[in-house]
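# Examination of the molecular architecture
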Amino acid sequence: MLDPSILCAAWNLPPIRSSRLAETGTIHQTYLLDISDGSRYALRAYRHTAEKYERIVQEHVLCTFVRDHGLPALAPVPLLTGETILEYEERFYALFPFAEGSQVPRGQLDAREIAAMGHFLGELHHVLHAYPHAPLERQPWVLDRAEIFARLDVTVRAIRAREQLDGDDQRALSRLIQMRTWLLETQPIDLTAFAHLERQIIHGDYQETNLFFVDGKVSAIIDWDQAYAAPRAWEVMRTLHYAGKLAADFCQTFLASYRQAHPLPQEELDCTAAVYGWMHDHNLWVPEELYLRSNERVRALLEPGDSFIPFAERWAALSL
């Protein structure tokens, strides 16, 4: 962590009583700080590149915009200089107020909290509709399948090269082999209808690890570093998948509450599901992070089971 004396001087804080590394987060590090005057903060440590600096600036402007429009987004605390980013020893740092409320683990979300997540996302998308796209445009929604097959083969070899394969390794290897076979036999989908859906800025990582709750309502949203322009149904779909695991009860409750706050036609959701599923079925980020870059923090994100089931099959089984 950043030297406490430098941190306190930069933000004019009283002495730090204690600090600990947050358990969540797979890319950046977040330290939770208890200050001697009883206040609490979260210090984010970012990777150090010129591109990353510009991205952090955009992130800070965006979460401040959302906060200023009445939603509980945590905006960064200004330094004594008035800026919000501290550069020190090849790292960038930003300080945020400690979120009000508590986080709820994925498996412990009750129906009220799931409904709150859906309703809040609808409100958030309504606010973000007015935010300009330009700084946060995403690359075209296309895949280089030859490159993906090459990366897949590298990952498979990396797993096979391990001295001993545990249960996670064996399941990941089995799924990757089945994934490769399915992809070879499957034709690319038509992106025409999806390309015509309206785009807007979305949070990019809307799930329970980035939300806090008080009395069954969302009290804070954090971590805007993955925000980009996309159809809002994309974020709805991603949340149903990652936070809801495509469980019927979660999806039905979340969607009903989202639509109360912001209407979403079923045909738009189904169109997005087809493209989301196609992209997801080519996604190698988790196994690459774990087996090529030794990022053990993503191990919990490995898909369960030995069988690769295409996303489209899982979506169709929901019958929403």
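Everything in this summary refers to the structure shown in the same document. In this text, all values refer to a predicted model and were calculated from it rather than measured experimentally. (Residues numbered from 1 in each chain as written. Predicted model: local features only at pLDDT ≥ 70, side-chain atom pairs only at ≥ 80, totals over all residues. Heavy atoms only, no water.)

## Some details on the packing of aromatic side chains
Counted according to the given criterion, the structure contains 8 aromatic pairs. Measuring from ring centre to ring centre gives 5.7 Å for Trp182 and Phe308, while their planes differ by 55 degrees; the resulting arrangement is tilted. Residue Trp182 is located in helix α5 (residues 167-185), and its partner Phe308 is located in the loop between α10 (285-291) and α11 (311-318); the two are separated by 126 residues in the primary sequence. You can call Trp182 partly exposed: its relative accessible area is 22%. Residue Phe308 is classed as buried on the basis of its relative accessible area, which comes to 14%. Their ring planes at 10 degrees and their centres at 5.8 Å tell us that Phe250 and Phe254 sit as a pair that is stacked. Taken together, the positions of Phe250 and Phe254, both in helix α8 (residues 248-261) and 4 residues apart, correspond to about one turn of that helix. Each of the two residues, Phe250 as well as Phe254, counts as buried. (Phe/Tyr/Trp six-rings, centres within 6.5 Å; stacked < 30°, edge-to-face > 60°. Helix = DSSP H or I, 4+ residues; strand = E, 2+ residues; numbered from the N terminus. Buried < 20%, exposed > 50% of the residue type's maximum accessible area, 1.4 Å probe, protein only.)

## Side note on helix α4 (residues 145-160)
The terminal C-alpha atoms of α4 lie 22 Å apart, and with 16 residues this matches the ideal 22 Å at 1.5 Å per residue to within 8%. Taken together, the buried positions of α4 are Ile148, Phe149, Leu152, Thr155, Val156 and Ile159. Burial along α4 is one-sided: seen end-on, the buried residues are contained in an arc of 125 degrees. Away from its buried face by more than 90 degrees, α4 exposes Ala146 and Arg157. (Expected span 1.5 Å × (residues − 1). Arc of directions from axis to C-beta.)

## What about the environment of Pro310?
Tracing the backbone shows Pro310 in the loop between α10 and α11. Look at Pro310 and you get buried, because its relative accessible area is 7%. Each C-alpha atom of the pair Pro310 and Ser19 lies 43 Å from the other, and the pair is 291 residues apart in sequence. Every residue in contact with Pro310, bar those within four places of it in the chain, is listed here: Trp182 and Asp281. (Contact = heavy atoms within 4.5 Å.)

## Describing unusual backbone geometry
With a phi close to 55 degrees, Lys245 is a non-glycine residue in the positive phi region. Relative to the elements of secondary structure, Lys245 occurs in the loop between α7 (232-242) and α8. With phi around 55 degrees, Ser294 is a residue other than glycine that occupies positive phi space. For Ser294, the position within the fold is in the loop between α10 and α11. With a relative accessible area of 59%, Ser294 lands in the exposed category.

## Re the side chain of His125
Along the chain, the position of His125 falls in helix α3 (residues 111-128). Residues in contact with His125, not counting those within four places in the same chain, are Gln200, Ile202, Arg232, Glu235, Val236, Tyr258 and His262.

## Here's the deal with the sheet that holds strand β3 (residues 40-46)
Taking strand neighbours across the sheet as the criterion, the 5 strands line up as β1-β2-β3-β5-β4 in an open arrangement whose pairing is antiparallel. Edge positions in the open sheet fall to β1 (16-21) and β4 (86-88), since each of these has one partner strand only. In this sheet, adjacent strand axes meet at a mean angle of 30 degrees when their direction is disregarded. When strand β2 (residues 29-35) meets β3, the two strands line up antiparallel, connected through 6 bridges. (Pairing = 2+ DSSP bridges. Axes fitted to C-alpha atoms, helices over the stretch in contact; angles between N-to-C directions.)

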